[in-house]
Protein chains: 2
Amino acid sequence: MTTTHPAPAPARDRADALDASDPLASFRERFLVPDPELVYLDGNSLGRLPLATRDRLAHAIEHEWGERLIRSWEERWLTLPEEIGDLIGASMLGAAPGQVALADSTTVCLFKLGSAALDARPGRTEIVTDVDNFPTDRYVLEGLAAQRGLTVRWIHGDPIDAVRADQVAEAVGPQTALVLLSHVSYRSAALADVAAITRVAHDAGALVLWDLCHTVGSVPVELDSAGVDLAAGCTYKYLNGGPGAPAFLYVRAEHQEALRQPIWGWIGRHDTFAMAPGYERAPGIRSMLSGTPPVLGLVAVQEGARLSAEAGIDAIRAKGIALTEFAIEVCDAVLAPLGVTLASPRDPARRGAHVALAHPRARELCARLARHGVITDFRTPDLLRLGLSPLTTRFTDVWDGIDALRRLL
Amino acid sequence: MTTTHPAPAPARDRADALDASDPLASFRERFLVPDPELVYLDGNSLGRLPLATRDRLAHAIEHEWGERLIRSWEERWLTLPEEIGDLIGASMLGAAPGQVALADSTTVCLFKLGSAALDARPGRTEIVTDVDNFPTDRYVLEGLAAQRGLTVRWIHGDPIDAVRADQVAEAVGPQTALVLLSHVSYRSAALADVAAITRVAHDAGALVLWDLCHTVGSVPVELDSAGVDLAAGCTYKYLNGGPGAPAFLYVRAEHQEALRQPIWGWIGRHDTFAMAPGYERAPGIRSMLSGTPPVLGLVAVQEGARLSAEAGIDAIRAKGIALTEFAIEVCDAVLAPLGVTLASPRDPARRGAHVALAHPRARELCARLARHGVITDFRTPDLLRLGLSPLTTRFTDVWDGIDALRRLL
């Protein structure tokens, strides 16, 4: 958007035509859309409610809880964490079965995995992350470091670009125990090179933990083939799992024997209901669980993940690219002349499914847009994020949202 | 039930009369009871579904999530952990506002509180609990001890009675950092003396952490006046919060500045949405939170807790005593001669709201009872638990359940 000769603004007809030819267009009908006038560009903070989820929750509440009561634990609920994990793993994470489970919040999952990784690298004193990583990732690492007397080594990357493998190579060394980075930057949507960075971390003898919060359900990733050790992410964004839905975690099969998470609870114990003396880990990924699984959250995630799996992650990715490309094209034409600059990578291969725009009055603009029925979000100090959710966002939403911003400016 | 001259068995009419004069009888109509023939004596594992909860969940799903979307975080959701915590604290825990919050699972809460307590007693090497404590409590402590090189000191109490203050006095000493016990035994329902044991722990310079899973919503407790440091418990039993509902934790106001929990996350940070560098704890109980609060679970707990608060903990306690007294009276008369022994305290002042019965074939009997429409639960090796939920269990349920067991024997 630094061009001085903006291209002519795409007409709204273009957006209509793109919607008409969108192979995923019909998925929007599978979601509750009570206010068709609302332009919702915040699916990367909280995804919309799938109709199937509403129905499944009603069934889970009324029948599974209300009628079957305690019997539902054996009949349906106990295996949900791994069932849903396998579904997500196979359909969008490139993970063979038995390596993904749903548990806790992203923060708690990052803590468990980070702690397990640090225990597996005794004597090493450093943890590597970047200053633009999502806050909870940074805070979890600071907490782990404080408790263990370790040092967090901060990569200062380009805020618009992702952390690069060469920057990681400079930061890691024989003292590095763990590298924790986000695959998709929550601010710029820039994509980090998972395979290359994982190799660099491994070359230094460190373990790598990937935050996939803005990845899952929007950008495919190949955890198994990239050699990733550990990953975690949330399910309430592109997976449309509902507010505060449980997170998922991935532990590479070959590490499951060696890595121990610190929160030993009855659900992660071998033969839970023996209630026996002495903690003995359950086999496999189940050992990463701790307390009683949050059933209502889980069933919502299951339905959301099924929708994404049905659409197919490659089709989702293609639409994510098309939506962000269109958004950038419109922004270039109508917002750049008004002082808005693009704060996401221009290369679609290096960008996830949202677009960040910088403007000094971003906070105020975000609030005013909301009053005009356009929901975006603000990230300090000056970013407006447009979250484009491939299963529910239309090209006309993109056009209308940007046009509303143009009118405000 | 060791008497050789059993009293005459109470007739079912007695149960009818007790129901007719039960001041809480009408509360049962506030719950979904789709199968009136089912005798549900397992509300201490999973409480029934309140009708208000079904309606509130439908509203939260359809309106708060489906329609208001991300806006609901500001409008309703962000403050739920403390709002519900204050409601539970004031109405049944004897806790002034600002000391209770909803978060995570009981297991994760116990881990956070246990870890914070151990950090606050550096140099001390022992944790005290009892061998009959709930499995997850024992496992959490084993995990904390393993990670820190500490020792768990096990009290071997009477399996039917609660751990006594003199037993704790024998176990604690200048090396004790933390005492973790359950107020109501999950097996026998025996009540520990919170105030006396807390004093004993304090006399040794230790902190005390109470598990209130089988307490909250069934037996009143006075955390503030008893000088309790820390407590946690679950909400899916007597509070009827739903399967895997989030737990609550209590941190005494005077400790909130000094105690730090280990899982530093964005929700526990001062000014969360500044997303600023460096973890700085939120003030007060909010610093105990870590990740994004599980909204569906929380709203369900809020409705369940409101029902208990409306009924009043003293009325609930009175009915819990009446139900268990009646259960024991019927058992004495009809089950004792068949080889069933009472495995709960006879003194109602020392017993919570369930009754444990011992029989060598308890596992098989529990399964057969379920096939006859009587839901109880089995606890290894030989216990059948009858959970009597004061808001939903009728005296006729007690009579019918025990009569079904008599017929099986």
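Bear in mind that the values here come from a model prediction, so they are computed numbers and not experimental data. (Residues numbered from 1 in each chain as written. Chains lettered and ligands numbered in written order. Predicted model: local features only at pLDDT ≥ 70, side-chain atom pairs only at ≥ 80, totals over all residues. Heavy atoms only, no water.)

A. Seen up close, the side chain of Asp-19 of chain B. All names here are of chain B. Following the sequence through the fold, Asp-19 ends up in helix α1 (residues 12–20). Buried Asp-19, no salt bridge; nearest opposite-charge side chain is Arg-394, N-O distance 5.1 Å. Those residues in contact with Asp-19, other than ones at most four positions away along the chain, are Ala-25, Arg-394, Phe-395 and Thr-396. (Helix = DSSP H or I, 4+ residues; strand = E, 2+ residues; numbered from the N terminus. Buried < 20%, exposed > 50% of the residue type's maximum accessible area, 1.4 Å probe, protein only. Lys, Arg positive; Asp, Glu negative; His and termini not counted. Salt bridge = Lys/Arg side-chain N within 4 Å of Asp/Glu carboxyl O. Contact = heavy atoms within 4.5 Å.)

B. Structural detail: the UniProt feature "modified residue: N6-(pyridoxal phosphate)lysine" (unreviewed entry) in chain A. Residue and element names in this part refer to chain A. Under the feature "modified residue: N6-(pyridoxal phosphate)lysine" (unreviewed entry), the UniProt entry names Lys-237. With respect to the element layout, Lys-237 can be found in the loop between β7 (230–233) and β8 (247–251). Accessibility expressed as a relative area gives 9% for Lys-237, which makes it buried. If we skip the residues at most four places from it in the chain, Lys-237 touches Gly-43, Asn-44, Ser-45, Gly-47, Cys-213 and His-214. (UniProt positions renumbered as here; feature names shortened; annotations may be inferred.)

C. Looking closely at the packing of aromatic side chains. Residues and elements named next belong to chain A. Within the structure shown, the criterion is met by 15 aromatic pairs over all chains. Residues Phe-134 and Tyr-186 carry aromatic rings whose centres are separated by 4.9 Å and whose planes lie at 80 degrees to one another, so their mutual orientation is edge-to-face. Separated by 52 residues along the polypeptide, Phe-134 in the loop between β3 (126–130) and α6 (135–148) and Tyr-186 in the loop between β5 (176–182) and α8 (194–203) bring together distant segments of the chain. Each member of the pair Phe-134 and Tyr-186 is classed as buried. (Phe/Tyr/Trp six-rings, centres within 6.5 Å; stacked < 30°, edge-to-face > 60°.)

D. Quick peek at the pattern of salt bridges. Residue and element names in this part refer to chain A. With the rule as written, the count across this model stands at 62 salt bridges over all chains. Between Arg-406 and Asp-403 there is a salt bridge, with the nearest N and O atoms lying 2.9 Å from each other. Taken together, the residues Arg-406 and Asp-403, both in helix α13 (residues 395–408) and three residues apart, mark about one turn of the helix. The class of Arg-406 is partly exposed, set by a relative accessible area of 34%. With a relative accessible area of 13%, Asp-403 lands in the buried category. Beyond isolated ion pairs, a larger network of salt bridges with shared partners links Arg-56, Glu-64, Arg-76, Glu-303 and Arg-306.

E. Quick peek at the nonpolar core. Ile-88, Leu-93 and Trp-210 of chain A together with Ile-88, Leu-93 and Trp-210 of chain B are the most contacted members of the largest nonpolar core, which totals 221 residues. Leave out the neighbours within four places in its chain, and Ile-88 of chain A touches Leu-93, Leu-102, Val-216, Leu-239, Val-301 and Ala-305 of chain A. (Core = buried A, V, L, I, M, F, W, Y, C linked by side-chain atoms within 4.5 Å.)

F. Looking closely at the interface of chain B and chain A. Taken residue by residue, the interface counts 72 residues in chain B and 72 residues in chain A. Note on chain B versus chain A: buried area summed over both sides is about 5900 Å², and carbon and sulfur give 69% of it. It is Trp-65, Tyr-139 and Met-275 of chain B in chain B that bury the most area against chain A; as a group they hold 13% of the surface buried on that side. Here chain B and chain A share two salt bridges between them. (Buried area = accessible area lost by both parts, 1.4 Å probe.)

G. Structural context of the UniProt feature "binding site: pyridoxal 5'-phosphate" (unreviewed entry) in chain A. Residues and elements named next belong to chain A. The positions UniProt marks with the feature "binding site: pyridoxal 5'-phosphate" (unreviewed entry) are Thr-106, Thr-107, Phe-134, Pro-135, Thr-136, Asp-137, Asp-211, His-214, Tyr-236, Trp-266 and Thr-292. Spatial dispersion of the annotated residues is evident: they stretch over 187 residues in sequence, and the largest pairwise C-alpha distance comes to 30.7 Å. Tracing the backbone shows Asp-137 in helix α6. A relative accessible area of 0% places Asp-137 in the buried class. Asp-137 has contacts with Leu-110, Leu-180, Ser-182 and Asp-211, leaving out every residue within four places of it along the chain.

H. Main features of the sheet that holds strand β9 (residues 341–342) of chain B. Read from one edge to the other, the open sheet built from four strands follows the order β9-β10-β13-β12 (chain B), with strand pairing classed as antiparallel. Only two strands of the sheet have a single neighbouring strand rather than two, namely β9 and β12 (377–379) of chain B. (Pairing = 2+ DSSP bridges.)

I. Structural detail: the sheet that holds strand β3 (residues 126–130) of chain B. Residues and elements named next belong to chain B. What the seven strands build is an open sheet, ordered β2-β8-β7-β6-β5-β3-β4; its pairing is mixed. Of all the strands in the sheet, just β2 (100–103) and β4 (151–155) have a single pairing partner and so form its edges. Neighbour to neighbour, the strand axes of the sheet diverge by 20 degrees on average, direction disregarded. Across four bridges, strand β7 (residues 230–233) lies against strand β8 (residues 247–251) in antiparallel orientation. Residue pairing in the sheet places Leu-230 in a bridge with Val-251 of β8. (Axes fitted to C-alpha atoms, helices over the stretch in contact; angles between N-to-C directions.)

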